[in-house]
Structure formats: C-alpha cells, structure tokens
Amino acid sequence: MTKYVIHGGKPLYGEIDISGAKNAAVAIIPAALLVDGSCRIENIPQISDVTLILNILQELGADVRTVNRTTVDVDCSHIRNARVPEELARKIRASYYLIGALLGRFGSAEVPPPGGCDFGGRPIDQHIKGFVAMGAEVDVRGGFIHARAEKGRMQGTHIYLDIVSVGATMNIMLAAVLADGLTVIENAAKEPHIVDLANFLNSMGADIMGAGTDVIKIRGVDRLTGGTYSIIPDQIEAGTYMAAVAAAGGEVLIKNVIPKHLECITAKLLEMGVEVEERDDAVLVRRTGKLTRTNVKTLPYPGFPTDMQPQIAAVLCLAEGTSVLTEGVWDNRYRYVDEFRRMGAQIQVDGKIAVIEGVDHLTGARIQACDLRAGAAMVIAGLAARGTTEIGCIHHIERGYEDIVRKLSGVGADIRVVVTPDEDKQAQVG
C-alpha cells in the first residue's frame, strides 16, 4: 500500500513549474487517430491517465515513440482496428474521446463505457446526441458502446447541446473534422483545453472556427497531415498549487502558466486576502495574513472550475467566517467532506451546497483520497494542518498530477511517499 505522509504547518517558499494540461492531453492524444502520418506532441504531462491513453493507442496498433519525458511521436496511419481494449478503457474517463476519433477515422467505433472518477451519474447522452445527428447509429451491447456511420462517413450538421458539456463539445469536434460538410455546435463549452484541441487539429490541417466561443464551426476536410504541437499548461494544476500557498502560507512563483486561464481562481483568492501578482507566463502567490470568507459557485469556463472545487474548499476551511460553496456542474462532488471532518473541518452539505465554517486550524489525520481533485485537496489540507496527515488511495492523485511530491518538497513541504505492507494480504498470509 502506498500513501503520502505529510508533516504540516510549514509555509511554502520557492518556485513550481507547471506541466502540460491533463484535460487537453487526454483529448489531443486520441485526436492523433485522425492524422494521416506521424505527429509530435510536446509538453505532455507524466501522469497515469496519459500513460493509459497512449497504451490504448498502442494496443490499437499505433506506433508510439518517446522522444523525451514530455514529448512523444504518434503514428496511427497503420491502425485498422476500431475496437478499444476493455481493461484499459474502463480505467479512464477520457476513453470516450476514442468514440469520436474512431468514428471520424473509420466511420465506426467499439468502445467500453468510460471509467475514471465517480461523481454520480456522468452520462454521455450529449455526445451520443451529436453522433446520431451526424448520421451514426449508436447502441450499447456486450459491454461496449457500438457506433457506426450509416453512410460510412460522418455527415456535417447543426447540433445544439442541451447543457454546456466539455466532453461532448470535444468529442463532436473529433467526429466532425473529417466529416462531409459543415458541422455547427451551438451552446459549446469554452474551456482552454477545447481551444487547445482545436488548435492541435487546425495545425494538422483541420478547418475549425470559433473554439473558445459558444458556437464552433467545423468544415470537414479530406485528411489531416502530420506536424508538431505543444500542449498548453495545466490550469487546474496551477490552481491547485495556488490554493496550497493560500492554505499553508508563504510565497511561491508558479511558472509556465497562462495567467488569463487562472483569472477565475485568482479572483477568489484575492477576495480571501491572498496576494496574486500576474507576470507574462507566471503568477506569484503570497499569503501572510488571515484568510477571509467568500462564496464560490462552480460554473463552465470562464466561471470557477468544478475541478478546483475541492481545493478551494480546503482553503475555505481555514478562512474566518462562514463561506458558501455551490457546485454548479456535478451532482455528487462532496464525497471528500467526511475526510475533511476527520481533520476538524466544519462543513455541512445540503445537495449541491456546502456551508463551511472556518476553523482556527486543521489537525492531521489518516484519510483516503476518493477521486483525483479531492485527493489534491487533501494534500492541501495536510500541508496546512498541525501534525501528521496520511493520505491513502494516492493512485487517484497520480492520475492528474505530475511529480506532486517532488514539486511540493521543492518549495519546503514535508511530504513523502511511504510504502507499507498491505494489511489484508498480511492477514491472509498469517
């Protein structure tokens, strides 16, 4: 069993370099399926979700070559199989991007239902709505999602999303780049990683306009050719370290970021009394005084990101006064609250609303990460807490954070990875 052990109460000082964006990488790598030839993808984060999606492409027959620790060459030109391996796909939420990419490439796809973090019902009905509108038949049988373009190739059309969905927006884009005619997505999501996917595809020869607005137009082309593309910095990783400085105190320069992508996070930290200084490709975060309460509601970009909700909750636990946190995207994203309560947090949850009464300090405890971002929030709480915090199930955290222990240790955190014998296995042996 592997866990993080944190001796908290130490302010953070120094510099942290941000890796490539997880949410962009797990869509851009499947997009390589659409490219006729080799493409080089740079600034790839070293995280387990990226490893999984690259392994899936290799299982499908792609030639994946590592250039260096952040760069890979991917050549999918020899793939002839549109059936995705079940064991790998069920471990990662982003496996659903393979449906759009394979439909675009082959006009057919067989992909297991996606895995990843469980926030309650996370349907892909808007994805399927888009595929059907573009001329695909979609059904579920034998544990696989089966999709097939009735005319052998996807057809351009007009699609209005019932809700603003990042995944559906990106998946429909993937299905549309090689389709016949023009596809228009209305009520599209506007997150930075959607723009990054569009830029990647355009750099390979696609014709996509309007990414970053609520109307995206994709004019189908005959083929995409190879090229080189560098993934944007990770907005959520940067926000997580900003929240860590806010909770633990200190001063950290967070480098290799796009400050504009962080404005929704910066605004809330400023309200709480944290100093944030924007630079060209960095932000300096400083917290020396008390934290003050604020209210936060998660919304689609450019609103406050749902993927930062647990992390800001960790900071609000230490703010003077009563804060109200409203989850505006998912139905079940407060599963971490019981773990925070073990550390002395005062949180009451009613549906999508959490009322947080700030406490003077948190106290270290043994806790379990229940998903990726909640796990990161527990690291933040542990950094700020008095005493020792032990965090189990850290595989959740390593799905989305590259070298989190090294990066935090580099700014003065007392955090280490500890491997202990599995108690259940010991009992069986005994």
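Above: the structure in question.
The rules behind the values
Residues numbered from 1 in each chain as written. Predicted model: local features only at pLDDT ≥ 70, side-chain atom pairs only at ≥ 80, totals over all residues. Heavy atoms only, no water. Helix = DSSP H or I, 4+ residues; strand = E, 2+ residues; numbered from the N terminus. Rg over C-alpha atoms; globule rule 2.2 N^0.38 Å. Buried < 20%, exposed > 50% of the residue type's maximum accessible area, 1.4 Å probe, protein only. Areas by Shrake-Rupley, 256 points an atom, 1.4 Å probe, with all protein chains shown as cover. Lys, Arg positive; Asp, Glu negative; His and termini not counted. Charge placed at Lys NZ, Arg CZ, Asp CG, Glu CD. Contact = heavy atoms within 4.5 Å. Salt bridge = Lys/Arg side-chain N within 4 Å of Asp/Glu carboxyl O. Phe/Tyr/Trp six-rings, centres within 6.5 Å; stacked < 30°, edge-to-face > 60°. Lys NZ or Arg CZ within 6 Å of the ring centre and 35° of its normal. Expected span 1.5 Å × (residues − 1). Polar contact = N/O pair within 3.5 Å; in protein donor to acceptor, adjacent residues only side chain to side chain. Pairing = 2+ DSSP bridges. Axes fitted to C-alpha atoms, helices over the stretch in contact; angles between N-to-C directions.

Engineer: Any chance you could explain the overall build of the protein here in plain terms?
Structural biologist: Looking only at helices and strands, one finds 15 helices and 23 strands in the protein. Its C-alpha radius of gyration of 22 Å places the protein within 12% of the 22 Å reference for a compact globule of 430 residues. Within the protein, buried positions represent 57% of all 430 residues. Surface summary for the protein: the accessible area is close to 16700 Å², and the carbon and sulfur share equals 46%. The centroid of the 44 positive side-chain charges in the protein is displaced by 1 Å from the centroid of its 53 negative side-chain charges.

Engineer: Would you mind going over the side chain of T183 with me for this structure?
Structural biologist: Note on placement: T183 falls in strand 10 (residues 182–186). Its relative accessible area of 0% is what places T183 among the buried residues. Excluding residues that lie within four positions of it along the chain, T183 makes contacts with M134, Q155, G156, T157, I159, I172, A176, I216, K217 and I218.

Engineer: It is not clear to me how the environment of G37 should be interpreted in this structure. Could you clarify?
Structural biologist: Mapped onto the elements of the fold, G37 is located in strand 3 (residues 35–42). Taking the relative accessible area as the measure of exposure, G37 reaches 15% and is therefore buried. With 59 residues separating them in the primary sequence, G37 and Y96 have C-alpha atoms 23 Å apart. Beyond its immediate chain neighbours, meaning those up to four positions away, G37 contacts V74, D75, C76 and S77.

Engineer: Any chance you could explain the pattern of salt bridges here in plain terms?
Structural biologist: As a working rule, side chains carrying opposite charge can pair if their charged atoms are close by. Summed over the entire model, instances satisfying the criterion amount to 28 salt bridges. The salt bridge partner of R153 is D180, with a shortest N-O separation of 3.2 Å. With R153 in the loop between strand 8 (144–149) and strand 9 (158–160) and D180 in the loop between helix 6 (166–176) and strand 10, the pair connects residues that are 27 residues apart, well separated along the chain. Exposure remark for R153: the relative accessible area of 27% places this residue in the partly exposed category. The class of D180 is partly exposed, set by a relative accessible area of 33%. Here R286 ties to E275 by a salt bridge, and the two come within 2.6 Å at their closest N and O atoms. Here E275 lies in strand 15 (residues 275–278) and R286 lies in strand 16 (residues 282–287), a separation of 11 residues in the sequence.

Engineer: I tried to follow the packing of aromatic side chains on my own but got confused; where do I start?
Structural biologist: Any aromatic ring pair is given by two values, namely how distant the centres are and how the planes are angled relative to each other. Under the criterion given, the structure shown has 4 aromatic pairs. For the pair F200 and Y229, a centre-to-centre distance of 5.8 Å together with 80° between the ring planes defines the contact as edge-to-face. Highlighted residues: F200 in helix 7 (residues 192–203) and Y229 in strand 13 (residues 224–230), separated in sequence by 29 residues. Taken individually, F200 and Y229 each receive the classification buried, so the pair is uniform in this respect. Through successive ring pairs, a cluster of aromatic residues spans Y334, Y336 and F340. Just above the ring of F144 sits the side chain of R83; from NZ or CZ to the centre is 3.9 Å.

Engineer: What should I look at first to understand helix 8 (residues 235–248) in this one?
Structural biologist: Each α-helix winds once per 3.6 residues, and so residues spaced three or four apart point in a common direction. Taking 1.5 Å per residue as the helical rise, helix 8 with its 14 residues ought to reach 20 Å, and the 20 Å between its terminal C-alpha atoms agrees with that figure. Its side-chain oxygen placed 2.9 Å from the backbone nitrogen of I236, D234 serves as the N-cap of helix 8. G249 sits one or two residues past helix 8 and shows a positive phi near 85°.

Engineer: Just checking my understanding: could you explain the sheet that holds strand 4 (residues 63–68) for this structure?
Structural biologist: The strands that make up a sheet are held in pairs by hydrogen bonds between backbone atoms, and each pair lies either parallel or antiparallel. Spatial ordering of the open sheet is given by 4-5-3-13, a layout of 4 strands whose pairing is mixed. Two strands in the sheet have a free side with no partner beyond their single neighbour: strand 4 and strand 13. With direction set aside, neighbouring strand axes in the sheet form an average angle of 10°. For strand 4 and strand 5 (residues 71–75), the ladder comprises 5 bridges, and the chain directions are antiparallel. Within strand 5, the residue paired with D63 across the bridge is D75.

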